[in-house]
Amino acid sequence: MALAALPPQPRLDWTHLIKDAALAALVALVLAIPLVGVQTVEVNAALTVGTRWDWVAIGVAAVFVGRLLLMVARSLSAGRSAAARRPARIILDQRRATLLAGLGIVLAVALPVLPLSSRYIVDLATTVMIYVMLGWGLNVVVGLAGLLDLGYVAFYAVGAYSFALFAQWFHLGFWECLPLAGLLAASFGIALGFPVLRLRGDYLAIVTLGFGEIVRIVLLNWVPVTNGPAGIGNVPRPTFFGMPFVARAPPGVTTFDGFFHLSFNPGHRVIFLYYVILALALVTNFFTLRLRRLPIGRAWEALREDEIACRALGINPTTVKLSAFAIGAMLGGFAGSFFATRQGFISPESFSFTESAIILAIVVLGGMGSQLGVVLAAIVLVTLPELGRQLGDLPLVGPFLSLIGTLRMLLFGAAMVGIMVWRPQGIITRREPSLRLVDERRRAA
Amino acid sequence: MSTAAPLLDIEHLTMRFGGLVAVDDLSFAARQGEITAIIGPNGAGKTTVFNCLTGFYRPSIGRLALHRPAGEFLLERMDGFRIARDAGVTRTFQNVRLFAGMTVLENLVVAQHNRLMRASLYTVGGLVGLPGYGRAEAAAVVKARDWLDRIGLIGRADHPAGSLPYGAQRRLEIARAMCTDPAVLCLDEPAAGLNGHESAELNQLLRDIRDDHGIGILLIEHDMSVVMAISDHVIVLDYGRKIADGTPDAVRNDAAVIKAYLGAAEDEALPPEIARDLRGRA
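Quick notes on the rules
- Residues numbered from 1 in each chain as written.
- Chains lettered and ligands numbered in written order.
- Predicted model: local features only at pLDDT ≥ 70, side-chain atom pairs only at ≥ 80, totals over all residues.
- Pairing = 2+ DSSP bridges.
- Helix = DSSP H or I, 4+ residues; strand = E, 2+ residues; numbered from the N terminus.
- Axes fitted to C-alpha atoms, helices over the stretch in contact; angles between N-to-C directions.
- Core = buried A, V, L, I, M, F, W, Y, C linked by C-beta atoms within 7 Å.
- Buried ≥ 20, exposed ≤ 12 C-beta atoms within 10 Å, placed from the backbone.
- Contact = placed C-beta atoms within 7 Å.
- Nonpolar A, V, L, I, M, F, W, Y, C, P; charged D, E, K, R; others polar.

**Some remarks on the sheet that holds strand S8 (residues 216-220) of chain B**
Residues and elements named next belong to chain B.
Inference 1: In space, the 6 strands of this open sheet follow the order S6-S7-S8-S3-S9-S10, with mixed pairing throughout. Looking at the sheet topology across the chains shown, the edges are occupied by strand S6 (89-91) and strand S10 (241-246). The average angle at which neighbouring strand axes cross in this sheet is 20°, direction not considered.
Inference 2: With 3 bridges joining them, S6 and strand S7 (residues 184-188) adopt parallel strand pairing. Its bridge partner lying in S7, Val 89 is registered against Val 184.

Laid out in structure tokens, this is it:
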């Protein structure tokens, strides 16, 4: 036990390592038998149970070898200093962050005209931008105000349905409905905010989770208004200053392509939709960054840090919380309206709890309160499952990669676990102060 | 006894938690420009008095009247945040409650929230960039900077408040409370955990606040060197009841106080530092 007895090179205890790997393999075996070993097979139009024990064997062997290698690597690095094993750290100062953000914006604006870009990529980027916007909206509630909201998808749904219904009943277009949808979602945010004013942490999460489900179930069951599970179709598409993106316009209406003397191409609409969401997201970003530097934004962060101290300083926690819920909900409502106009069809299926979970994962993985982190996390979480799907179609390496395609959700989970292991505080952990004394001095000088 | 105007009148304050009477029929007055210390053994109900005063508890019985030029405020009827915002009674906490993730400067600017909210026209004006808000924010920063100068933290203005050493956090919490422009400042054990040097600095800071701002300071403290050095008026609680009320000298020699601290016949039950302080100064 003496310190001198410590060997300079850590010795490998093979019995222990093999035991450990065997245990991991056993756990894998127990899990793999029902999950992988048994599958339903269609034989003569009837479902029967088939087995694939070879897959189980491969999986268990992979776990055994993987665990063994991991443990060997760990015991070899155990002797190294603790500093070497600290979580990875990206130094991202304000100047670099601004540079990265500027580069990102330029890239985002140029994306549809880049040589590699295709309709599919623009479409995928549009989806990413919707999640970026939702992430920024939820970031106000969770990241800034520190109110854990598991039912954020409810506001997304309210935005989408309010636009679809306004359009159906009053024949309003996207641009007229956008502010209405935002207002309606904000009032739902306040409606959720009131009953949960006294709740915090886990309790707040449970109630917001319930709220999200209530909204979804109402949409599902209130058939006379929402058309229930069948959803609402024919949601109007957005126009470019009144000019629709169609091949043949009704008399008296100029189409977009007609006005610019272009030949009709349905891809133009996809690109236009992308720019609409990009503009909405940039406005959202500007708006939240600005709010953060105003007293209300600082009060949100103060509320996150310590609600009791806020009260002792004369800050009304009710208005601070409700404003966070309302503004977060409003941004979700805008995103919902855009989702409806982009899909042209909405149903309650799109607003399940999984969506809330993904949006929350984007905020948490990105780093609570970080606008740039949300963008990075949204790109990872939205494109990763898609990337897995695409790889399977590649030639040559296709057969191997199609396995990755099959396992894409598994990879997705593994990536999330990986981020949490290496960067437990999220991708970007640095918090930029809302105001600095040093700047003030420079201004005065 | 000074003849300053009574600022805060506490009459028959009683706070019950079920069968437990934490504060029992307590009456005293705190004056403007004075430091009023509330002392007593652990569990005597000192923090409960503060919680009643600052709206964290609603008293079972009693009247807490604050007399200000703007009028009279009955604190027992007001919500917590209104007591701080409208009546101007603010406090610090026994376990420091800073906004740890925010910078030192931000902590002091958040304390000026209500004035800045009005200046930003409840966010709308600030959002569109009205010049009035810019001026108000600059003024808030100037005020924060003055306080940072006073508490010696100007060099750490842009550091997270949670990264400060403990003594500096205590001073920052007092400065943050002062940034709300209070009429009454309630300090819950401000010297707890401070070393002798820091404690002496704190004494000077509290005296300066009293003299420069002319506000009433209420102080809960176990450190008798602080209490006896800076208090103008001491109130002693034991089991929720007031057992003595007077100048530090009078209280120090009060038989009931000595009995409460020393116990009737059990001298050894007394914390040694308190016994030393009491005997040394008596």
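**Things to note about the nonpolar core**
All names here are of chain A.
Inference 1: Met 133 and Ile 277 are the most contacted members of the largest nonpolar core, which has 186 residues in total.
Inference 2: Each residue touching Met 133, except ones within four places of it in the same chain, is listed here: Ile 277, Leu 280, Ala 281, Thr 284, Leu 331 and Ala 335.
Inference 3: The next biggest cluster of nonpolar side chains, apart from the first, holds 5 residues, and it includes Ala 21, Ala 25, Ala 28 and Val 60.

**Considerations on the environment of Phe93(B)**
Inference 1: Structurally, Phe93(B) can be placed in the loop between S6 and helix H3 (104-110).
Inference 2: Between the alpha carbons of Phe93(B) and Leu187(B) there is a distance of 6.9 Å; along the sequence they are 94 residues apart.

**Observations concerning the interface of chain A and chain B**
Inference 1: In this assembly, 27 residues from chain A lie in contact with 31 residues from chain B.
Inference 2: Within the residue set of the side of chain A that touches chain B, elements represented by two or more residues are helix H11 (295-305), helix H12 (307-312) and helix H18 (437-444) of chain A.
Inference 3: Broken down by element, the side of chain A that touches chain B gets its largest block of residues, 7 residues, from H11(A).
Inference 4: Looking at the side of chain A that touches chain B, its residues break down into 15 nonpolar, 3 polar and 9 charged.

**Some details on the pairing of strand S4 (residues 61-68) of chain B**
Successive side chains on a regular strand alternate, one facing one side of the sheet and the next facing the other.
Residue and element names in this part refer to chain B.
Inference 1: Pairing analysis gives 5 bridges linking strand S1 (residues 6-17) to S4, with the strands arranged antiparallel. Of the residues in S4, the one forming a bridge with Ile 10 is Leu 64.
Inference 2: Sheet analysis places S4 next to strand S5 (residues 71-74), joined by 4 bridges and oriented antiparallel. Counted as the bridge partner of His 67 is Glu 72 from S5.
Inference 3: Following S4, the chain reverses through 2 residues before pairing antiparallel with S5.

**Looking at the sheet that holds S4(B)**
Residue and element names in this part refer to chain B.
Inference 1: In space, the 4 strands of this open sheet follow the order S2-S1-S4-S5, with antiparallel pairing throughout. At either margin of the open sheet sits one strand with a lone partner, and together these are strand S2 (20-31) and S5. Adjacent strand axes in the sheet meet at a mean angle of 15° when their direction is disregarded.

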